[in-house]
Structures are given as structure tokens and as C-alpha cells.
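Structure at a glance
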Amino acid sequence: MTEESSEKLALSFRDRKWLVWLLVAIDILVLEFCLALGFGVRVAVSDWIPYAYDAQTFIGLATGVLIVPVTLLLSGVYPGYGMNDVERMRRVVTMTTVVFASLIGWDYLVQQGQWSRGVLLATWAIAIVLLPLVFGATRRLFVRSGIWGTPLLLIGARGAAEQLIQIIARDDKIGYTPIGILDFDSALVGTDIDGVPVIGTVKDADWWARRIKTAAVAMPELNGDQIAELCAKLPFPQVLILPEFRELQTSWVTPRDMNGVLVLDVKKNLLLRRNSMIKRIADLVLGSFLLAFSLPLLVFACAAIMLISPGPPFYRHEVAGRGKRPFSMLKIRTMHPKSKDRLQRFLDENPERRVEWLRNFKLRDDPRIIPFVGAFLRRSSIDELPQLLNVLRGEMSLVGPRPLAVYELEWVDPDYVNLRCSVPPGITGLWQVEKRSQGSVDDREKLDTYYIRNWSLWLDVYILFRTFPAVVSAKGAF
């Protein structure tokens, strides 16, 4: 990529301002569809709770729900470049809830109950599910079509710039497209970093600011005063700063102004007792509901296993829980009896597969798995359902890092073990919805570490929200 091609790419993004309004229009259609479903739900229960409405009521509500995309637009949700999915979900759910609560309050205080609160509640419940789902599908379509993203100019051509380019390249949902790099050193002009060219010096920032809105400062060699001075001189409307904090949690860091000094307020959510209590209550309520709902499926799966393979239908796996305390994690048995002997014989006969086993502690076409039924239960994650009992007993949580087997404690880095065992393990987690069996042990460690350091109730909601699609698609499962 040359300086000329960088300029052409930057200018091409100017024609995409319609993207914001397209996202707004899509959300309007989704909200009106949710309202229609809300009316349908209310009519369906009208035999028990009488209700009558007219066209004027529908028009009033159809107009009222339009406040939602307006508030989302003002809160920066559209298009939301650089905003992670957890934060976007938090804003969408919060703003939608506030708007519907306001509509109910308006109807009660001003209109004396002309609208149906049942319709509004049903519409709200459907909307907080459909709005994120539709946005996710729309964004995937935009990414594949090459129309998602905004140009990003990097300031600094050292190692930090390379790291940022690689991070952006790994996740195209971020929405930033690096098109060039500026640096103080004119000798670097004409070189490139991972395909992104150094197109000038920092003195050229004024010229590029007329074409690009966002710049990212990736110069950790500068001290705080120098970065502040540089950012003050940069003419870009939006300037991102890549700090030298590699191990700091990121999701709940709030900037504070302390008499002109920037202070980062880091909330240690794992240490807040009220959050742990809310998480535990959610585990008990939702876990009880899921267990009752899945009982017929559990009975059917156990019967199928007992018909095909001799032995008990359940399997107890010794894992390390919170504080490294061992406990028996329950699963539906999907392997033949004496599976360890089968595994050892297979690895002795196929030494080339030993590397795969040591890297992931998993094998494709695992000889231990019961054909058909066992493979299906693992692929669909039905074999994990008995762990709901572990959740109710307080040994596990619905969401958390994947449990470490007791034997893994000797293989895994001690610092990671200590961090990992500071929270209860989960049935589902960030690793499961992002990678499942496609990821390596290193991937699992990175995602588990990110979850623990950035834990929040919203992150749990996001993971639960993504678990069902991940299980249905069976992506990465074996």
C-alpha cells in the first residue's frame, strides 16, 4: 500500500455516512416488529386478562418506541466502532429499559393508562433480545461485504504500532482499518509494518486530519507529559492512546479528573460482595429453571448411553474449584469404560498424535468416545447438563473459566492456576463461546485471564447470550 492508495482508501470511507442511518432504520424496523409481537402476546392472554385496543393505541406506541434508536444514537451505539460487544449490549439493554420504563411512567401519570403496560413489557422483553441479535447478524453481513469500518491513522512506527495492527487484524468487528502510519523519524517513511505503510511524519498530521477522523497514538517510549503535548497538537477529532498497561483490566476502567490530573479508576468487581451475591442468586434461579427444563433430555440421554455402553450413565471428573479445592464435576458419560487404557494404546500406536494431545488435552476422532451417541452428546454439549447440579451446590457457576482438571495443575503455569482458581469455574465461558475445541491451551489461558480481570455481570449476560448459538452451531466442538 502506497501513500496514494492510503489516501484513496481514506476518502472511500467518506461515502459510508449512510451506514449509521441504515443501522438506525434497521433498529426501527426491529422495534416495530417487536411491538407487533408484543401486541400478539397480549392478545394471546386476553382470554384470561381482558384487553381491547384500537388503531390509535398502536400508532401511539409505534411512535413512542422510536425514542429508543434516538437514545442509542446519542449514546454512540451507531455505528459503535471500537466498542466491544459487552459494552454495546450494556448500552442497548440499559437505554431500551430506560425508554420503556419512561413510556410506562408517562402512560400512568399523564395518559391515565391509555396504553397497555402488558404490551410494553412484552415488547421490551423481545426487544432486548432481538436488537443485539439483529445487529450481530447485520454487522457480519457488513464485514463480509467490506463496508464495515472507519479509517485509522497510527502515530508511531515502533513495536506498539505493530501490536495494535495485529490486534485489529485478529478481530474485524472492531471496525478500525489502519491505512497509514506517521512517525517523528522521517527515515522510516516508505517502509511498512505488517503491510501498513509509513506515509509521512507527524508534521503531516494537519493534511491527513482533513481526510481521517481517528488517530491512534502508539508511542510508549514517550512519557506522560510528552503524550499529553502530542495529543493536544494532533488536529484529529478522535485520538486513541495505547497505554503501557498490559495486565490491567479494561472493561471497568473509568477516567477521573483530579484537579487537572488524569486518574484511572479501576473497579475490582470480583471483590465487591454485592456482585458475588447477585451472581450467586442468578445461578440459583436460572440454574433451577434450566435443570427442570432439561430433565426429559437428561433422562433420554442417560437411557441411550446405558443401552449402547455398559456402566453408569454419569461420569465424575475430578477438577479444581475455587481456591484449588477439588470436587467431582458431573457429566453424562460419553466414553467407553477404561478410557485411559484406550487412550494410552492409541497414543502408543500413533505417536504423531501425542503432540495434539499435549497441546489441547483433546483429540479429534478420539478413540475413547462412544460412537454416534457419545459424539452427539459432546457436540451438542448435552453431556454438560448434569453440571447444573454442581451450580446449585455452589461448586460451579453458570458462567466462568473452564474447570481445570486436577492433573492439569502440574502442567499449567502456577500464576495462571492461582488467578484461575480465584473464581468459581463455569459451565460456559468466554473460551467456550469464542473458541471451543478450536483453540489451544494458550487460547484458553488468554480468554480465561481476560474474563477474570474484566469480570462483570454484563460480561456474564453477554456470554450466556452467545452460548446458545455456539451450542446450536456446534462450532469447534468435537
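Look a little higher up for the structure.
Residues numbered from 1 in each chain as written. Predicted model: local features only at pLDDT ≥ 70, side-chain atom pairs only at ≥ 80, totals over all residues. Heavy atoms only, no water.

**Observations concerning the packing of helix α5 (residues 85-109) against helix α6 (residues 117-145)**
- Packing of α5 against α6 leaves a shortest axis separation of 10 Å and a crossing angle of 155°. With respect to α6, the axis of α5 lies roughly antiparallel. As α5 packs across α6, the resulting crossing turns out to be right-handed. In contact with Asp85, Arg88, Met89, Val92, Val93, Thr96, Thr97, Phe100, Leu103, Ile104 and Tyr108 of α5, α6 contributes Arg117, Leu120, Leu121, Thr123, Trp124, Ala127, Ile128, Leu131, Pro132, Phe135 and Arg139. (Axes fitted to C-alpha atoms, helices over the stretch in contact; angles between N-to-C directions. Helix = DSSP H or I, 4+ residues; strand = E, 2+ residues; numbered from the N terminus. Parallel < 35°, antiparallel > 145°, perpendicular 65-115°, else oblique. Left-handed = near helix turned anticlockwise from the far one by under 90°. Contact = heavy atoms within 4.5 Å.)

**Things to note about the sheet that holds strand β3 (residues 192-193)**
- Judged by pairing direction, the sheet is mixed, and its 6 strands sit side by side in the order β3-β4-β2-β1-β5-β6 without closing on themselves. Edge positions in the sheet fall to β3 and β6 (238-241), since each of these pairs with one other strand and no more.
- As judged from the 2 bridges shared by β3 and strand β4 (residues 196-201), these two strands associate in the antiparallel manner. Following the sheet pairing, Asp192 is matched in β4 by Pro197.
- Each of β1 (150-155), β2 (176-183), β3, β4 and β5 (214-217) touches helix α7 (residues 159-170); the most contacted strand, β1, lies at about 160° to it.
- Together, β1, β5 and β6 form the strand contacts of helix α9 (residues 224-233), whose direction differs from that of β6 by roughly 160°. (Pairing = 2+ DSSP bridges.)

**Let's talk about unusual backbone geometry**
- In this model, Tyr78 is joined to Pro79 through a cis peptide bond whose omega is -10°.
- Among the structural elements, Pro79 can be located in the loop between α4 (67-74) and α5.
- Notably, Phe372 is not glycine yet its phi reads approximately 60°, a positive angle.
- Here Phe372 shows up in the loop between α12 (354-360) and α13 (373-379).
- By relative accessible area, which is 74% here, Phe372 ends up exposed.
- Phi angles above zero are rare outside glycine, and Ser381 is one such case at about 65°.
- Within the secondary structure, Ser381 is located in the loop between α13 and α14 (387-392).
- Residue classification places Ser381 among the buried residues on the basis of a relative accessible area of 17%. (Buried < 20%, exposed > 50% of the residue type's maximum accessible area, 1.4 Å probe, protein only.)

**Brief notes about the sheet that holds strand β12 (residues 404-405)**
- The sheet built from 3 strands is open, its strands ordered β10-β9-β12 with antiparallel pairing. Here the strands that pair on one side only, and so sit at the sheet edges, are β10 (326-332) and β12.
- Here 2 bridges tie strand β9 (residues 314-320) to β12, and the two strands are oriented antiparallel to one another. When the sheet's bridge partners are listed, Ala320 is paired in β12 with Leu404.

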